[in-house]
Amino acid sequence: MSWQGEAAVPAVPAPRAGDEPELLAAARAGDAQAAHRLGRLYAQHGDRTAARLWWERAAAGGSVDSAYNLGIWHEMHGSLEDAVTWYEAAASTGDADAATNLATLLLEQRGDAGAARVWYESAAEAGSRRAARRLALMCEDAGELGLAREWHRRAATDGDAASAHDLGFLAYCAGEEAETVRWWECAARGGHAESAYYLGLYLHACRDPEGAEAYYRLAARSEHPGAASRLGGIALTRGDLRTARGWFEQAAGAGRAEDQRMAGFVCVELGDTAAASHWFGRAAAGGDAEAAFNYGLLLIAEFGDLAGGRHWFRQAARAGHHGAAVELGGLLSVAGEHGEAQEWLSDPPPPAWDRPAEPELTARAELAAAATARGGGVPLVAAELAEVLSTWDVVTRPLHDLSDVLAWLAERSGVHESAVEHLASVRGTLVRPGSAPWPSPGELQHVLTTARDLRRRLGLH
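Quick look at the structure, then. Fair warning: this is a prediction, and the values are worked out from it, not measured in the lab.

**A look at the overall build of the protein chain**
Logical step 1: Scanning the protein chain from terminus to terminus reveals 26 helices and zero strands.
Logical step 2: A compact globule built from 461 residues should have a C-alpha radius of gyration of about 23 Å, whereas the protein chain, at 30 Å, is more than 25% larger.
Logical step 3: C-alpha atoms of the protein chain, sized along the principal axes, occupy 95 × 55 × 40 Å.
Logical step 4: The burial tally for the protein chain puts 46% of its 461 residues in the buried class.
Logical step 5: By sequence separation, contacts in the protein chain at least 24 residues apart represent 49% of the contacts at least 6 residues apart.

This is the structure in structure tokens:
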């Protein structure tokens, strides 16, 4: 029981108005429960010193609740050493809350992961959901995935939606489809918006767009920006520009540059140039080169603002945007600034791969990026993963028989067969999680170079 109002069932009744003389007499006579209640009464009245003194007397008389409260008291107002001492006194009797608090102090304040793990295990075995989750996360960090899943399962079964979400990811990374769906569904029902969103992505990747949309809508009820973005894309494929605008603007409001740009495109289609200027401008100011290019086009075409157009073309060109460099070079030539114009026109940045990937592929890419970001890992870039998947999709599309695709691509493109094989291997990992470890950032860059070389040699732009 805690004077901080935690949800534990009180071991003794709370003090009532008028109880003070009776409690004081009993406490002075050595009644530990009365001393504990008297400490609570003083704590409620803001007299921390008196509360501590009565809890110390009650703890000396065997009150576990007072020992626990003294741990909290010293954690907030006293010393770490005393907090550890009192928590340990309560935890050693089997008090799960005290063991959990003790483990957290040892881990976060002393960095003693070994001792913390012992107390988390004690608390989890005693039924603490919070301890089970913390223990699961420690096991994940240690690479003990089997144990991590067991502790997450205990916490999730007890209603912890975050652990159910983590179980879904662990299952996804292991290629266990039924378990992935089971735990993300469980977490989504518990109000976990991220799980609803990732389950939507998973269903989209499995070519179930209707099921995906249902979970995107569930996540969007909690203002999930990724879900709003996906719903915007779905509305766009249906030609429903007004609905698409609403969803993209909701996602854009969360600061997502890509969705700010998409909101700008939809506003252009709807003839709302003021809103398009607003969204392109926000995305461009955030460093989005494509938005900066389109903002420049809009400023010139709709507002006659050549200086503004040049400014944003230059920003986009410096960020590697091919079209912006060409447009800037043309404007500079017309203005008689031939020196800078020649710099941009003679050696513009190479065109970017701007062919949109299929929604199923972008969903796989985002899932892989999220999976690699968990546990403090170096996240892979979803756009780069989508480019790898999209490239493979495009270059193999002409083939009816994929049995000898590696040799065919190597012969047709001139790219070494081992590089093509590496590209195929990474692509296989992305579409069949659990078949191999996720690629490292360096490996992804190597494969991305192969993908771009393949497209260039095959004349795909």
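Here the narrative resumes.
**A short note on helix α23 (residues 382-396)**
Residue pairs spaced three or four apart in an α-helix point in one direction, given the helix's 3.6 residues per turn.
Logical step 1: Taking 1.5 Å per residue, 15 residues should reach 21 Å; α23 reaches 21 Å between its end C-alpha atoms and fits that length.
Logical step 2: The element α23 is extensively covered by neighbouring structure, given that 12 of its 15 residues are classed as buried.
Logical step 3: Glu 384, Leu 385, Ala 386, Glu 387, Val 388, Leu 389, Ser 390, Thr 391, Trp 392, Val 394, Val 395 and Thr 396 are the residues of α23 that are buried.
Logical step 4: Against the buried residues of α23 lie α22 (359-373), α24 (405-413), α25 (417-431) and α26 (441-458).

**Observations regarding the pattern of salt bridges**
Logical step 1: According to the stated counting rule, one finds 28 salt bridges in the structure shown.
Logical step 2: Salt bridges sharing common partners tie together Glu 125, Glu 150, Arg 153 and Arg 154.

**Description of the packing of helix α8 (residues 129-141) against helix α10 (residues 161-173)**
Logical step 1: It is at 10 Å that the axes of α8 and α10 come closest, and there the two elements cross at 25°. In terms of axis orientation, α8 runs roughly parallel to α10. Between α8 and α10 lies a crossing whose hand is left-handed. Residues Arg 133, Leu 137 and Glu 140 of α8 pack against Ala 162, Ser 163, Asp 166 and Leu 170 of α10.
Logical step 2: Looking at side-chain class alone, the contact of α8 with α10 contains three nonpolar, one polar and three charged residues.

**Observations regarding the nonpolar core**
As a rule of thumb, soluble globular proteins bury nonpolar side chains together.
Logical step 1: Core analysis: the biggest nonpolar cluster contains 35 residues, and Tyr 87, Leu 102, Trp 119, Tyr 120 and Trp 151 have the highest contact counts within it.
Logical step 2: Of all the secondary structure elements, the ones that give two or more residues to this core are α3 (48-60), α4 (64-77), α5 (80-91), α6 (96-108), α7 (113-125), α8 and α9 (145-157).
Logical step 3: At seven residues, α6 tops the list of elements feeding residues into this core.
Logical step 4: Ignoring sequence-local partners within four residues, the contact set of Tyr 87 consists of Ala 67, Tyr 68, Gly 71, Ile 72, Glu 75, Ala 98, Asn 101, Leu 102 and Leu 105.
Logical step 5: If you look at the next biggest cluster of nonpolar residues, it comprises 30 residues, including Ala 275, Ala 289, Phe 293 and Ala 324.

**Remarks on the layout of surface pockets**
Logical step 1: Considering only enclosed or pocket space, the second largest pocket measures out at about 410 Å³ in volume.
Logical step 2: Looking at the second largest pocket, it is lined by 19 residues, and the ones nearest its centre are Glu 140, Leu 145, Leu 170, Ala 371 and Arg 374.
Logical step 3: For the lining of the second largest pocket, the secondary-structure elements that each account for two or more residues are α8, α9, α10 and α22.
Logical step 4: Partitioning the lining of the second largest pocket into residue classes produces 11 nonpolar, three polar and five charged.

**As for a negative patch on the surface**
Logical step 1: The grouping of Asp 401, Asp 404, Glu 417 and Glu 421 at the surface amounts to a negative patch.
Logical step 2: Using a relative accessible area of 53% as the deciding quantity, one classes Asp 401 as exposed.

**Notes on the packing of aromatic side chains**
Logical step 1: Considering all chains together, one arrives at 12 aromatic pairs under this definition.
Logical step 2: Aromatic side chains Tyr 197 and Tyr 216 sit 6.0 Å apart centroid to centroid with 45° between the ring planes, which places their arrangement in the tilted category. Of this pair, Tyr 197 sits in helix α12 (residues 193-205) while Tyr 216 is found in helix α13 (residues 209-220), placing the two residues 19 residues apart along the sequence.
Logical step 3: What links up through ring pairs into an aromatic cluster is the set Phe 169, Tyr 172, Trp 184, Tyr 197, Tyr 198, Tyr 202, Tyr 216 and Trp 438.
Logical step 4: The aromatic ring of Trp 73 is capped on one face by Arg 52, whose charged end is 5.1 Å from the ring centroid.

What counts as what
Residues numbered from 1 in each chain as written. Predicted model: local features only at pLDDT ≥ 70, side-chain atom pairs only at ≥ 80, totals over all residues. Heavy atoms only, no water. Helix = DSSP H or I, 4+ residues; strand = E, 2+ residues; numbered from the N terminus. Rg over C-alpha atoms; globule rule 2.2 N^0.38 Å. Buried < 20%, exposed > 50% of the residue type's maximum accessible area, 1.4 Å probe, protein only. Contact = heavy atoms within 4.5 Å. Expected span 1.5 Å × (residues − 1). Salt bridge = Lys/Arg side-chain N within 4 Å of Asp/Glu carboxyl O. Axes fitted to C-alpha atoms, helices over the stretch in contact; angles between N-to-C directions. Parallel < 35°, antiparallel > 145°, perpendicular 65-115°, else oblique. Left-handed = near helix turned anticlockwise from the far one by under 90°. Nonpolar A, V, L, I, M, F, W, Y, C, P; charged D, E, K, R; others polar. Core = buried A, V, L, I, M, F, W, Y, C linked by side-chain atoms within 4.5 Å. 1 Å grid on protein atoms, 1.4 Å probe; cavity = no way out; pocket = protein on both sides within 12 Å on 5 of 7 lines; lining within 4 Å. Points joined across faces, edges and corners; volume = space filled by probe spheres on them. Patch = residues over 30% accessible without salt bridge, like charges linked within 9 Å, V, L, I, M, F, W, Y side chains within 5 Å. Areas by Shrake-Rupley, 256 points an atom, 1.4 Å probe, with all protein chains shown as cover. Lys, Arg positive; Asp, Glu negative; His and termini not counted. Charge placed at Lys NZ, Arg CZ, Asp CG, Glu CD. Phe/Tyr/Trp six-rings, centres within 6.5 Å; stacked < 30°, edge-to-face > 60°. Lys NZ or Arg CZ within 6 Å of the ring centre and 35° of its normal.

Note that every value here comes from positions in space, so none of it alone points to a role or purpose.
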